[in-house]
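Coordinates in review
These are the residues of each chain, in order.
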Amino acid sequence: MAATPVRLKGRAPAGTRIRRQLPVSPWLFAAPGLLVTGAFVLYPFFSTLVNSFTDRRTLLPGRFVGLANFRELLHDDMFWTGLRNSTLYVLVVVPALVVLPLLLALLVQKNIPGITFFRAAFYTPVVASIVVVGLIWVWLLDERGLVNSLLETVGVGRVGFLSDQWLLLLSAMAVTVWKGLGYYMIIYLAALANVPRELHEAAAVDGAGAVRRFLTVTVPAVRSTMVLVAALSSVAAFKVFSEVYLMAGPDGGPAGEDTTLVMLVQRTGTGLTGRVGYASALSVVVFAVTVALMLLVLRADRREES
């Protein structure tokens, strides 16, 4: 006769206790991440949103002013200057960061002697500090820097890379592209590894050259990755700060003509007399534009698929 298990009075079976703990356990594991996200992402976001409707300053709480900050944006010349520069940054940097890293990935994808060194060399700017990179490029492009010395040696003369409005902006764009090449190259390398070699072999048998195979085989195979790179680089380019700040200075270049929107946010909202409410309104605009950029890229991708 089988023995009947003895159940202690006042205690639930072990299986019941485990089942009662299961609904709580996932939240305990997620709690640290949720706390960090709430403290450093959600709270600043909603705080900025609330402050955008006030006239708060650094040392003053401020009062509700409705849409006054956003109406002021429409009449602020520096806002339109920052919006122009940030938009130009996207239009120039994003196509370069979509195409050039793909070509670079195709180059370093081949297993030839010494290719590991070049892969590491191309990725080195990614891990370098943006402050160090910016200072190096400032020294190179300065009036007495290496680039101008070489140009003067060959008889071209000195070029105001850091004093001309448009050359300064283009120089900052070049730094952004140079620093981002290695990062997006790695993303493309992962995508190219999944492209079947048989497709290239079949295209080669049909008489397709290298350029033809690139356009008809490689590009369609990595199109989703190109969309991802376009979305990431467009958001990063529109929110550019460090490169322009280091090369143009806190004032944004000559007469502030190279100021970007994020630089304007930093300049307006910091200091003892910083206009936190107005800077928050600028931040809301930056957030809205970046979300719109991502939606436009995703919509264009869906339209192309359909």
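Worth saying up front: this structure is predicted, and the values here are computed from it rather than measured.

Topic: the confidence of the model for the protein chain
Per-residue confidence for the protein chain gives a mean pLDDT of 87; residues scoring 70 or more make up 92%. Ranking the elements of the protein chain by mean pLDDT puts helix α1 (residues 14–21) last with 51 and helix α3 (residues 68–73) first with 95.

Some remarks on unusual backbone geometry
One non-glycine residue with positive phi stands out, namely Ala 255, at about 60 degrees. Mapped onto the elements, Ala 255 comes out in the loop between α12 (242–248) and α13 (261–269). Ala 255 sits in the exposed class, given a relative accessible area of 71%.

Side note on the nonpolar core
Core analysis: the largest hydrophobic core is formed by 59 residues, its most contacted members being Leu 73, Tyr 89 and Met 247. For Met 247, the contacting residues outside a window of four places in its chain are Trp 137, Val 138, Leu 141, Leu 162, Leu 168, Ser 171, Ala 172 and Val 175.

Let's talk about the side chain of Ser 280
By the secondary structure assignment, Ser 280 is in helix α14 (residues 276–305). Once residues lying within four places of it in the same chain are set aside, the contact partners of Ser 280 are Thr 48, Asn 51 and Ser 52.

Things to note about the packing of helix α4 (residues 77–108) against helix α11 (residues 223–238)
At a closest axis distance of 8 Å, the pairing of α4 and α11 adopts a crossing angle of 150 degrees. The chirality of how α4 crosses α11 is right-handed. Contact with α4, carried on its side by Leu 83, Ser 86, Thr 87, Tyr 89, Val 90, Val 93, Val 94, Leu 97, Val 98 and Leu 102, involves Met 226, Val 229, Ala 230, Ser 233, Ser 234, Ala 237 and Phe 238 of α11 and no other residues of that element. Partitioned by chemical class, the residues of the contact of α4 with α11 number 13 nonpolar, four polar and no charged.

Considering the environment of Pro 32
Of note, Pro 32 is situated in helix α2 (residues 25–51). In this structure, the C-alpha to C-alpha distance between Pro 32 and Ser 149, residues 117 residues apart in sequence, is 54 Å.

So, a nonpolar patch on the surface
A surface patch of nonpolar side chains, amounting to about 1,000 Å² of accessible area, comprises Val 36, Phe 40, Val 41, Leu 42, Phe 45, Phe 46, Leu 49, Phe 287, Val 291, Leu 295 and Leu 298. Of all the secondary structure elements, the ones that give two or more residues to the nonpolar patch are α2 and α14. Here the nonpolar patch gets seven residues from one element, more than from any other, and that element is α2. Residue Val 41 is classed as partly exposed on the basis of its relative accessible area, which comes to 48%.

Regarding the packing of helix α9 (residues 197–205) against helix α10 (residues 210–221)
Orientation of α9 relative to α10, taken along the N-to-C sense of each, is 145 degrees, at an axis distance of 10 Å. Relative to α10, α9 is oriented so that their crossing is right-handed. For the pair α9 and α10, contact is made by Leu 199, His 200, Ala 203 and Ala 204 and by Arg 213, Val 217 and Thr 218, respectively. When its residues are assigned to classes, the contact of α9 with α10 shows four nonpolar, two polar and one charged.

Here we look at the side chain of Ser 171
Within the fold, Ser 171 resides in helix α8 (residues 165–192). For Ser 171, the residues in contact, after removing those within four places along its chain, are Leu 141, Phe 161 and Met 247.

Cut-offs and rules
- Residues numbered from 1 in each chain as written.
- Predicted model: local features only at pLDDT ≥ 70, side-chain atom pairs only at ≥ 80, totals over all residues.
- Heavy atoms only, no water.
- pLDDT = per-residue confidence, 0-100.
- Helix = DSSP H or I, 4+ residues; strand = E, 2+ residues; numbered from the N terminus.
- Buried < 20%, exposed > 50% of the residue type's maximum accessible area, 1.4 Å probe, protein only.
- Core = buried A, V, L, I, M, F, W, Y, C linked by side-chain atoms within 4.5 Å.
- Contact = heavy atoms within 4.5 Å.
- Axes fitted to C-alpha atoms, helices over the stretch in contact; angles between N-to-C directions.
- Left-handed = near helix turned anticlockwise from the far one by under 90°.
- Nonpolar A, V, L, I, M, F, W, Y, C, P; charged D, E, K, R; others polar.
- Patch = residues over 30% accessible without salt bridge, like charges linked within 9 Å, V, L, I, M, F, W, Y side chains within 5 Å.
- Areas by Shrake-Rupley, 256 points an atom, 1.4 Å probe, with all protein chains shown as cover.
- Salt bridge = Lys/Arg side-chain N within 4 Å of Asp/Glu carboxyl O.

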